[in-house]
Amino acid sequence: MTWNTLTEQVAALWASRLWMLLAAVWVVMWLGMKKAKKREAWYQRMEHGLLVIAGFYLLSAQGPDWSWLNERVLPGVPAVWLTGLAVTALGVAVAIWARLSLGSNWSGTVTLKANHELVRTGLYRWIRHPIYTGILVGMIGTAMIRGYLRGWIGIGFVLLAFYLKARREESFLREEFGAGFDEHAKHTGMFLPKLT
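Residues numbered from 1 in each chain as written. Predicted model: local features only at pLDDT ≥ 70, side-chain atom pairs only at ≥ 80, totals over all residues. Heavy atoms only, no water.

Asks: Before we go on, may I ask you to explain the overall build of the protein in this structure?
Replies: Counting its secondary structure elements, the protein contains six helices and two strands. The C-alpha atoms of the protein give a radius of gyration of 18 Å, which matches the 16 Å a tight globule of 196 residues would have. Considered along the principal axes of its C-alpha atoms, the protein spans approximately 60 × 35 × 30 Å. Out of the 196 residues belonging to the protein, those deemed buried represent 44%. Counted over contacts in the protein with a minimum sequence separation of 6, partners at least 24 positions apart contribute 83%. (Helix = DSSP H or I, 4+ residues; strand = E, 2+ residues; numbered from the N terminus. Rg over C-alpha atoms; globule rule 2.2 N^0.38 Å. Buried < 20%, exposed > 50% of the residue type's maximum accessible area, 1.4 Å probe, protein only. Contact = heavy atoms within 4.5 Å.)

Asks: What should I look at first to understand the pattern of salt bridges in this one?
Replies: Think of it this way: side chains of opposite charge can pair up when their charged atoms draw near. Taken as a whole and assessed by the stated rule, the structure comprises five salt bridges. Here Glu 8 makes a salt bridge to Arg 72, at a shortest N to O gap of 3.8 Å. Here the residue Glu 8 occupies a position in helix H1 (residues 3-30), and Arg 72 occupies one in the loop between helix H2 (42-60) and helix H3 (78-102), the gap between them amounting to 64 residues. Given a relative accessible area of 25%, Glu 8 falls into the partly exposed group. (Salt bridge = Lys/Arg side-chain N within 4 Å of Asp/Glu carboxyl O.)

Asks: What is the right way to look at the layout of surface pockets in this model?
Replies: In this approach a probe as big as a water molecule rolls over the atoms, and the regions it shows empty are the leftover space. Taken as a whole, the largest pocket spans an internal volume of roughly 850 Å³. Contributing to the lining of the largest pocket are 36 residues, with Trp 106, Ser 107, Ile 131, Tyr 132 and Lys 165 lying nearest its centre. Mapped by element, the contributors of at least two residues to the lining of the largest pocket are H1, H2, helix H4 (130-146), helix H5 (149-177) and helix H6 (179-187). Per-element accounting of the lining of the largest pocket gives the leading share, six residues, to H2. (1 Å grid on protein atoms, 1.4 Å probe; cavity = no way out; pocket = protein on both sides within 12 Å on 5 of 7 lines; lining within 4 Å. Points joined across faces, edges and corners; volume = space filled by probe spheres on them.)

Asks: Help me understand H4, please; the structure alone is not making it clear to me.
Replies: Given 3.6 residues per helical turn, the α-helix brings residues three or four places apart onto the same face. In this model H4 runs 24 Å from its N-terminal to its C-terminal C-alpha over 17 residues, within 8% of the 24 Å that 1.5 Å per residue would give. The element H4 is extensively covered by neighbouring structure, given that 14 of its 17 residues are classed as buried. Count one or two residues on from H4 and you reach Gly 147, which has phi positive near 85°. (Expected span 1.5 Å × (residues − 1).)

Asks: I tried to follow the environment of Ala 185 on my own but got confused; where do I start?
Replies: Counting through the fold element by element, Ala 185 comes out in helix H6. A relative accessible area of 12% places Ala 185 in the buried class. Separated by 149 residues in the primary sequence, Ala 185 and Ala 36 have C-alpha atoms spaced 23 Å apart. The residues touching Ala 185, leaving out its near neighbours within four places in the chain, are Arg 128, Arg 174 and Lys 194.

Asks: How should the packing of aromatic side chains be read in this particular structure?
Replies: Describing an aromatic ring pair means giving the distance of the ring centres and the angle of the ring planes. The tally for this structure, following the rule as stated, stands at four aromatic pairs. On the basis of an interplanar angle of 85° and a centroid distance of 5.4 Å, the ring pair of Trp 19 and Phe 56 is categorised as edge-to-face. Of the two residues, Trp 19 sits in helix H1 while Phe 56 sits in helix H2, which places them 37 residues apart along the sequence. Overall, Phe 56 belongs to the partly exposed group, its relative accessible area being 24%. By way of ring pairs, the aromatic residues Tyr 132, Phe 162 and Phe 191 are connected into one cluster. One residue, Arg 17, lies across the ring of Trp 14, its end atom 5.0 Å from the ring centre. Taking the ring centre of Tyr 148 as reference, the NZ or CZ of Arg 72 above it sits at 4.9 Å. (Phe/Tyr/Trp six-rings, centres within 6.5 Å; stacked < 30°, edge-to-face > 60°. Lys NZ or Arg CZ within 6 Å of the ring centre and 35° of its normal.)

In structure tokens form, the structure reads like this:
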């Protein structure tokens, strides 16, 4: 086994473990959620879920014949893999920090909770949907490790899913908090901090 092969395998292994850590945090924190008073429709959950599943499948699957989707778009060298691992770790850390900031207001679906709060602490001071930001950053890092075009296309699927879901969430929040949410939105970006 060459140094390059070992480096790629170690980076891919640790990236997988980071995603498992994120999933474990989600499961544990799911237990303390507030009760929902309003939810998105089932077909909206399906829309989001299918896009995310397709995106992560493209990012991580080892398909038999992906033809042009298996084109390498980044050089297969240790510097790229290790940078990708650092970017994955950063994305997972951002997603966990944002999830911890939301506390019991979080939900996997677009939901208004009983006694819902408009969280404006932690990363929510600058970004309205930092969990999505963290997951997308983590996906970019993993796509760097894998190196194939299909991973970058998968990120596009997940970005679309998060954009659609974020718009629904903002509609719910605007309905619940009115001018308070509009003021928050004026000073924050959807997935990245506002520059002005």
